[in-house]
Amino acid sequence: MEAPAAPHDPADTQLIVKAPEQMRELGRRLAGLLRPGDLVMLSGELGAGKTTLTRGLGEGLGVRGAVTSPTFVIARVHPSLGDGPPLVHVDAYRLSGGLDEMEDLDLDVSLSDSVIVVEWGEGKVEELTDDRLQVTIHRAVGDTTDEVRHVTLTGLGPRWADVDLAGLSV
């Protein structure tokens, strides 16, 4: 991963990821910054690497179970194998509501004690907290084998004000 030379909004951190293993490594590094109650919202087109990033988060957090896309079950809870927080991985693509629908999932965990990662959550789960990390993954579209991804990390709210997201690049 490397930081691009192009100028950007100072509130954003932009990284270039050149391979799926680098996306997992980004997730592992990001896990080191996360704490219970954190909300990470992932956006990007199909195949952008949202679930690959979440696999790395799961590895970095030391959670149980293989992290796979929760598309058909909507949400999966991965308990910690140690003393860290559980990972709640949500695919909000099919959710039409917001917080009420999240609460209806009956996740058997306190969201304030977990790290919550939501794919496709824009306009649906922002009301969970004013503090969140927005991760947007852009990839080349069309008939291409290009593995390069442009990742934009935006920390919103006081929780992320002093967090060095630029330190995630390698």
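This one's a predicted model, so the numbers in the text were calculated from it and none came from an experiment.

Q: Got a sec to walk through the overall build of the protein chain? Specific residues and values, please.
A: In terms of helices and strands, the protein chain carries three helices and seven strands. Listing the helices and strands of the protein chain from first to last along the sequence gives β-α-β-α-β-β-α-β-β-β. Within the protein chain, buried positions represent 44% of all 170 residues. Once local pairs closer than 6 in sequence are excluded, the contacts in the protein chain between residues at least 24 apart make up 64%. On the protein chain, roughly 8300 Å² of surface is accessible, and the fraction owed to carbon and sulfur atoms is 50%.

Q: Can you tell me about the side chain of Arg159, naming the residues and giving the values?
A: With respect to the element layout, Arg159 can be found in the segment after strand 7 (149–156). Side-chain polar atoms of Arg159 contact the side chain of Asp38, separated by 2.8 Å. When neighbours within four sequence positions are excluded, Arg159 is seen to be in contact with Leu33, Leu34, Arg35, Asp38 and Asp131.

Q: Before we move on, could you go through the nonpolar core and cite the residues and values that matter?
A: With 26 residues, the main nonpolar core has Leu26, Leu133, Val135, Val151 and Leu153 as its most contacted residues. When residues of this core are traced back to their parent elements, those giving at least two are strand 1 (12–17), helix 1 (20–31), strand 2 (39–43), helix 2 (50–61), strand 5 (115–119), strand 6 (132–139) and strand 7. Among the elements that line this core, the one with the most residues is helix 1, at four residues. Discounting chain neighbours no more than four positions away, the residues touching Leu153 are Ala11, Asp12, Thr13, Leu15, Leu133, Gln134, Val135, Leu165 and Leu168. Val88, Val90, Ile116 and Val118 belong to the second largest nonpolar core, which has ten residues in total.

What counts and how
- Residues numbered from 1 in each chain as written.
- Predicted model: local features only at pLDDT ≥ 70, side-chain atom pairs only at ≥ 80, totals over all residues.
- Heavy atoms only, no water.
- Helix = DSSP H or I, 4+ residues; strand = E, 2+ residues; numbered from the N terminus.
- Buried < 20%, exposed > 50% of the residue type's maximum accessible area, 1.4 Å probe, protein only.
- Contact = heavy atoms within 4.5 Å.
- Areas by Shrake-Rupley, 256 points an atom, 1.4 Å probe, with all protein chains shown as cover.
- Polar contact = N/O pair within 3.5 Å; in protein donor to acceptor, adjacent residues only side chain to side chain.
- Core = buried A, V, L, I, M, F, W, Y, C linked by side-chain atoms within 4.5 Å.

Note that every value here comes from positions in space, so none of it alone points to a role or purpose.
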